[in-house]
Every structure is written in C-alpha cells, then in structure tokens.
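Spelled out from the first residue to the last, the chains are:
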Amino acid sequence: LTGWNQEESRNRPISEVFNIINGQTGAPAVNPVWKTIKEGVVVELENHTILINKNGEQRHIADSCAPIRNSDGRVIGAVLVFRDVTEEYRTRRELAESNERFKQTAEQSREIIWEVNINGTYTYLSAVVNDILGYDPEDLVGKVKYYDLHIESRRNEFKDATQEFFKRQQQFKAFEYQMEHKDGH
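Residues numbered from 1 in each chain as written. Predicted model: local features only at pLDDT ≥ 70, side-chain atom pairs only at ≥ 80, totals over all residues. Heavy atoms only, no water.

## Side note on the environment of arginine 168
Then, number 1: Relative to the assigned elements, arginine 168 resides in the segment after α7 (155-167).
Then, number 2: Distance from arginine 168 to glutamate 180, taken between C-alpha atoms, is 27 Å for residues 12 residues apart in sequence.
Then, number 3: A polar side-chain atom of arginine 168 sits 2.8 Å from a polar atom in the side chain of glutamine 170. (Helix = DSSP H or I, 4+ residues; strand = E, 2+ residues; numbered from the N terminus. Polar contact = N/O pair within 3.5 Å; in protein donor to acceptor, adjacent residues only side chain to side chain.)

Spelled out as structure tokens, the structure:
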C-alpha cells in the first residue's frame, strides 16, 4: 500500500513511508506511531485517514498501532496494522448519492411512495402522504404496517393480495386500492 519495499523503507522517517493526511481537510494527520511509542497505548487511526503512497496515489485506510514491549514492559517499538478501505468509502459515497437521488425523486412525486421492512412496517413514506391522507410521514414510519391505512372492510383483502407479490419478490404497479384519510373519509 505504501509503495515502498522493505529495503527502500529502511532508515527512512516513518512519516515519509507512512505519509497520511486527513481525508476531509487534506491536512497532515498525526502519525499514530509517535503517540504509541511515547504513551505506550494502542492508537486507532482517525476516521477519514488517507495514505499517500510513494507514487502519490491516495488510499483510505483504517486500523491501529500498538506498542511493542520488552520483557521489562518498556516500550521498544510499535507495530502498525492498517488496511485499505478505499472500496468501502467508494461504496458508502455511491450509496449516499443513490439515497439522495431516491429522496429527491420521491419528494417531487405527486404519488405516495413507500417502503416497508420484512414485517410490513413502513420504513419510508414520501411527504405527499400528508397532502393525500393527512398524515405526517414521521407519525407512521416505524409505527404502522402498510395495510393499516386501508379501509377496514378491504384491509385483509389488500394485505393478502400484496403478500403474494412480496412472496414472489415482485413489484406491483397500477394496483388499485382504497385508503382512509386521517379524518375518516
């Protein structure tokens, strides 16, 4: 990850071989080796730490540095263990972007867009549910099941029909059903 082989790194300053910066600010990061040696404690790398290798390539890294002690318990060195988490950061960033696109699309729609968990409890309801049914999404998400807002006389029929789609892991569109407004109509 550093781009330095063992021979090249010998007798070089740790800060040259293990060149790290804060990924959010770009400022040099505190090298955990010095604190470990000075204080004799395990030091976790700060979140968003980026390693700049010998060729200038940047990789997000994680993990820690621990003291090496002699038989008297005196700190005589440190072991630095780190791993490349660049792919995890990329995946998190892509997921956040995808979630933001979904949120923007759902919030601009004039239809109720909803999501439920495996138990049928709402995990997401678009804000338009307030305009159409009179409920704030926060009053329903995590609290009621997706079929609870349907008119009572047809609630079980709706639940049974949708359960079939869920079992087959199919989407359903143009599925007509009646829901009850907060005021009862």
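## Re the nonpolar core
Then, number 1: Judged by nonpolar contacts, Tyr122, Leu125, Val129, Leu133, Tyr135, Leu140, Val144, Tyr146, Tyr147, Leu149 and Phe158 together constitute the single largest core of 11 residues.
Then, number 2: Looking at this core, the elements that each hand over two or more residues are β7 (122-125) and α5 (128-133).
Then, number 3: Look past the residues within four positions of leucine 125 in its chain and what remains in contact with it is Ile112, Ile113, Trp114, Pro137, Leu140 and Val141.
Then, number 4: Among the nonpolar cores identified, the runner-up in size contains 5 residues, and Phe18, Leu45, Leu51 and Ile61 belong to it. (Core = buried A, V, L, I, M, F, W, Y, C linked by side-chain atoms within 4.5 Å. Buried < 20%, exposed > 50% of the residue type's maximum accessible area, 1.4 Å probe, protein only. Contact = heavy atoms within 4.5 Å.)

## A look at the pattern of salt bridges
Then, number 1: If you walk through the whole model with that rule in mind, you get 13 salt bridges.
Then, number 2: Among the ionic pairs, arginine 10 bridges to glutamate 7, the shortest N-O distance being 3.0 Å.
Then, number 3: In this structure arginine 10 comes out as partly exposed when scored by relative accessible area, which is 44%.
Then, number 4: Salt-bridge contacts for arginine 92 lead to glutamate 88; the nearest nitrogen and oxygen are separated by 3.8 Å. Highlighted residues: arginine 92 and glutamate 88, both in helix α4 (residues 86-108), separated by 4 residues, approximately one helical turn.
Then, number 5: On the basis of relative accessibility, which here comes to 38%, the residue glutamate 88 falls in the partly exposed class. (Salt bridge = Lys/Arg side-chain N within 4 Å of Asp/Glu carboxyl O.)

## Section: α7
Then, number 1: Here α7 is 13 residues long and its end C-alpha atoms lie 18 Å apart, about the 18 Å a rise of 1.5 Å per residue gives.
Then, number 2: Every buried residue of α7 is listed here: Phe158, Thr162 and Phe165. Along the long axis of α7, the arc covered by the buried residues comes to 40°, so they all point the same way. What points out from α7, more than 90 degrees from its buried face, is the exposed set Asn156, Asp160 and Lys167.
Then, number 3: A positive phi of about 55° marks glutamine 169, the residue just after α7. (Expected span 1.5 Å × (residues − 1). Arc of directions from axis to C-beta.)

## Considerations on the side chain of threonine 86
Then, number 1: Structurally, threonine 86 can be placed in helix α4.
Then, number 2: A relative accessible area of 19% means that threonine 86 is categorised as buried.
Then, number 3: At 2.9 Å, the side chain of threonine 86 forms a polar contact with the backbone nitrogen of histidine 60.
Then, number 4: Among all residues touching threonine 86, those that are not within four sequence positions of it are Arg59 and His60.

## Things to note about the pairing of strand β5 (residues 75-84)
Then, number 1: Relative to β5, strand β4 (residues 58-69) runs antiparallel, the two sharing 9 bridges. In the strand pairing of β5, serine 64 is matched with valine 81.
Then, number 2: The hairpin turn running from β4 into β5, its antiparallel successor, is 5 residues long, and glycine 73 in that turn takes a positive phi close to 90°. (Pairing = 2+ DSSP bridges.)

## Section: a nonpolar patch on the surface
Then, number 1: A cluster of nonpolar side chains, contributed by Ile68, Ile76, Val79 and Val81, occupies part of the molecular surface with about 320 Å² of accessible area.
Then, number 2: Counting residues per element, the nonpolar patch draws most heavily on β5, which supplies 3 residues.
Then, number 3: Secondary-structure assignment places isoleucine 68 in strand β4.
Then, number 4: On the basis of relative accessible area, isoleucine 68 is assigned to the partly exposed category, the value being 36%. (Patch = residues over 30% accessible without salt bridge, like charges linked within 9 Å, V, L, I, M, F, W, Y side chains within 5 Å. Areas by Shrake-Rupley, 256 points an atom, 1.4 Å probe, with all protein chains shown as cover.)

## So, the packing of aromatic side chains
Then, number 1: All chains considered together, the criterion is met by 8 aromatic pairs.
Then, number 2: Ring geometry for phenylalanine 102 and tyrosine 124: centres 5.2 Å apart, planes at 65°, overall edge-to-face. Of this pair, phenylalanine 102 sits in helix α4 while tyrosine 124 is found in strand β7, placing the two residues 22 residues apart along the sequence.
Then, number 3: Phenylalanine 102 gets classed as partly exposed once you look at its relative accessible area, which sits at 39%. (Phe/Tyr/Trp six-rings, centres within 6.5 Å; stacked < 30°, edge-to-face > 60°.)

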